[in-house]
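Observations on chain architecture
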Amino acid sequence: MSASGTAATATGATTAARSGVAATARGGWWGFLGSAVNAVFGYVLVTLVTRGLGAYGAGAVFTGVAAFTILCNTCKLGADTGLVRFVSGDLATTGGRKVGALLRSAVMPGAVASTVIAALLFLSPWTATSLLPNLAPDDAVTLVRLFAVFLPMATVTLILLGATQGHGTVLPFVGVEQIGKPVLRVLIAVPVVLLAPGVLSLAAAWLVPSLAGFLVAWLAVRRCRRTSPAATSGGETAAARRGFWAFAAPRAVSSVFDISAVWVGVVLLSGLATSEEAGIYTAVGRVVIAATLLQLAIRLAVAPEISRLLAVGDLPQACHLHRVSTRWIVLFSWPLLVLLTSFPGTVLSLFGPEFVRGTDALVVLCVASAVNVGVGNAQTVLLMAGKSSWHLAVTGVAFTVQLTVGLLAVPRLGVLGAALSWGAATVVENLVSAALVRRHPGFTIIDRGYLLATVTGLCLTVPLVLPARLLAGDTAAGLAVAVVMGMSAFGISLWRFSTPLGVRELVGVLRERAT
């Protein structure tokens with residue numbers, strides 16, 4: 001190859017790398033904004049419900065939310081993740097000729113499955129009384145039927161939003177799931193709490209925004225589809241559908257395990273302990289999810305980019321993108337987890353004095369989340385590489401661990417037992433996923449930038465936060481001092497090592513957006 005050809009190839013690779021990193025950074029910023037809004041308004045909603053109904057009533061509402069969320073993620077049959085992978089890959093290789101067929105193949109089965117499940121919920125009141133044994137039977141049946149009405153709409157919304165992510169934009173997902181629904185839920189819940197607080201009325205406040213979410217998702221898909229070329233031939237369409245469901249079928253099961261990991265503790269506490277403990281555990285879970293919101297944000301943006309790079313055979317840049325995004329996640333998530341582990345009682349007391357009983361549970365889940373954050377989005381890499389069967393095996397093992405520990409520990413330890421079960425599953429799932437990803441050449445996260453992120457995010461934060469905790473205790477004053485000291489050292493480190501930490505790339509994207 002000539003020198004000019006070599007230079008052109010190198011320039012193209014550099015451009016591709018910058019493009020992938022820039023797209024992930026832009027999507028990550030939007031995802032971070034959405035996750036922050038979701039966390040804040042989710043926290044406000046939990047506070048409104050718990051203040052309005054107490055831990056007992058809140059436990060009933062959030063048990064319904066847990067079952068609804070699990071069923072939504074079951075009924076979508078893995079089609080949303082399939083659309084993220086296949087739409088982004090098809091756009092990169094054919095310009096999007098198979099997108100229409102993929103959409104039709106993805107939406108209809110999910111709509112049918114969710115409608116059937118909703119009908120079964122209507123016809124089996126014993127399910128409601130079994131799920132909510134501490135609630136009056138009539139109220140339990142009405143509550144479950146209310147959730148069933150919205151199940152098909154919410155399921156199809158998630159599938160449609162997967163298609164928009166495959167088109168390379170996270171804005172519809174962020175706008176619907178992370179900003180629109182949480183904000184509307186709070187706006188509806190405020191007058192409900194003031195005028196007519198009740199389990200059924202607050203459950204309705206949580207569900208009604210699904211109507212607007214479905215409409216926005218449908219319009220967003222139509223907008224993305226306007227630029228797609230004509231469809232492929234019948235043979236190619238059939239082949240696309242077979243490939244799609246060969247991937248989506250294992251993902252359909254693993255997605256159930258994924259979402260069940262978040263909510264199964266609530267269900268176990270409601271059935272084996274008390275609704276009050278289910279309410280406390282829900283609050284603890286909200287805090288933990290908020291602490292890992294950057295990882296969730298990066299995951300939204302990085303998935304279609306890695307799928308696109310792998311579809312065109314650009315393995316080195318896919319590996320680079322995984323390393324850089326993991327560095328960002330570790331850098332900004334670990335300091336927050338250190339603060340939460342050091343001051344759990346102060347954080348949970350914001351929900352009410354009874355929620356301080358969840359401090360040990362919060363510590364356990366923060367430690368497990370540190371492992372989750374430390375391996376980055378290894379599970380996303382597995383899925384975007386087409387290894388949905390591997391991912392199914394990993395999540396299946398993790399869910400078995402969680403269910404086993406939960407059944408043994410929840411009756412004895414309550415909220416702490418539920419946290420131990422979730423934490424054990426989180427550690428198992430992420431360590432095994434990271435080991436499987438390392439089997440692909442180049443997909444390693446340990447480099448100089450990762451070690452610097454570890455030092456900055458963990459090794460500098462702990463020595464500064466720990467003295468504040470020991471001297472002031474688990475108090476608001478101690479937390480304030482720890483935040484000031486920890487963030488000062490953290491900010492200096494970001495400025496000093498901005499290039500190897502990858503912060504300069506993030507700032508560069510923001511400057512490009514501002515100009």
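Just so you know, these numbers come straight off a predicted model, no measurement behind them.

Here the focus is the overall build of the chain. The secondary structure content of the chain amounts to 22 helices and zero strands. Per-residue burial for the chain yields a buried fraction of 53% across its 515 residues. Contacts in the chain between residues at least 24 apart in sequence constitute 84% of all its contacts with a sequence separation of at least 6. In the form shown here, the chain has an accessible surface area of approximately 20,700 Å², with 69% of it arising from carbon and sulfur atoms.

Turning to the packing of helix 6 (residues 171–195) against helix 8 (residues 209–225), a few remarks are in order. The contact between helix 6 and helix 8 brings their axes to 9 Å, and the two run at 160 degrees. Looking at the two axes, helix 6 sits roughly antiparallel to helix 8. Viewed along their axes, helix 6 and helix 8 form a crossing whose handedness is right-handed. Taken together, the residues of helix 8 that come into contact with helix 6 (itself represented by Pro172, Val176, Lys181, Leu184, Arg185 and Ile188) are Pro209, Ser210, Ala212, Gly213, Val216, Ala217 and Ala220. A class-by-class count of the residues in the contact of helix 6 with helix 8 yields nine nonpolar, two polar and two charged.

A separate point is unusual backbone geometry. The backbone of Leu77 shows a phi angle near 60 degrees, a positive value even though the residue is not glycine. With respect to the secondary-structure elements, Leu77 resides in the loop between helix 1 (3–75) and helix 2 (79–93). A relative accessible area of 26% places Leu77 in the partly exposed class.

The topology assignment puts Thr169 in the loop between helix 5 (137–166) and helix 6. Relative accessible area serves as the criterion here: at 21%, Thr169 is assigned to the partly exposed category. Separated by 139 residues in sequence, Thr169 and Trp30 have C-alpha atoms that sit 9.7 Å apart. Filtering out sequence-adjacent residues up to four positions away, Thr169 remains in contact with Thr164 and Cys224. One polar contact links the side chain of Thr169 to the main-chain amide nitrogen of Leu171, over a distance of 3.2 Å.

Here we come to the confidence of the model for the chain. Averaged over all residues, the pLDDT of the chain is 80; the fraction at 70 or higher stands at 85%. In this model residues 1–17 is a low-confidence stretch, pLDDT under 50, and it forms six contacts with partners more than four residues away in sequence or in other chains.

Conventions adopted
Residues numbered from 1 in each chain as written. Predicted model: local features only at pLDDT ≥ 70, side-chain atom pairs only at ≥ 80, totals over all residues. Heavy atoms only, no water. Helix = DSSP H or I, 4+ residues; strand = E, 2+ residues; numbered from the N terminus. Buried < 20%, exposed > 50% of the residue type's maximum accessible area, 1.4 Å probe, protein only. Contact = heavy atoms within 4.5 Å. Areas by Shrake-Rupley, 256 points an atom, 1.4 Å probe, with all protein chains shown as cover. Axes fitted to C-alpha atoms, helices over the stretch in contact; angles between N-to-C directions. Parallel < 35°, antiparallel > 145°, perpendicular 65-115°, else oblique. Left-handed = near helix turned anticlockwise from the far one by under 90°. Nonpolar A, V, L, I, M, F, W, Y, C, P; charged D, E, K, R; others polar. Polar contact = N/O pair within 3.5 Å; in protein donor to acceptor, adjacent residues only side chain to side chain. pLDDT = per-residue confidence, 0-100.

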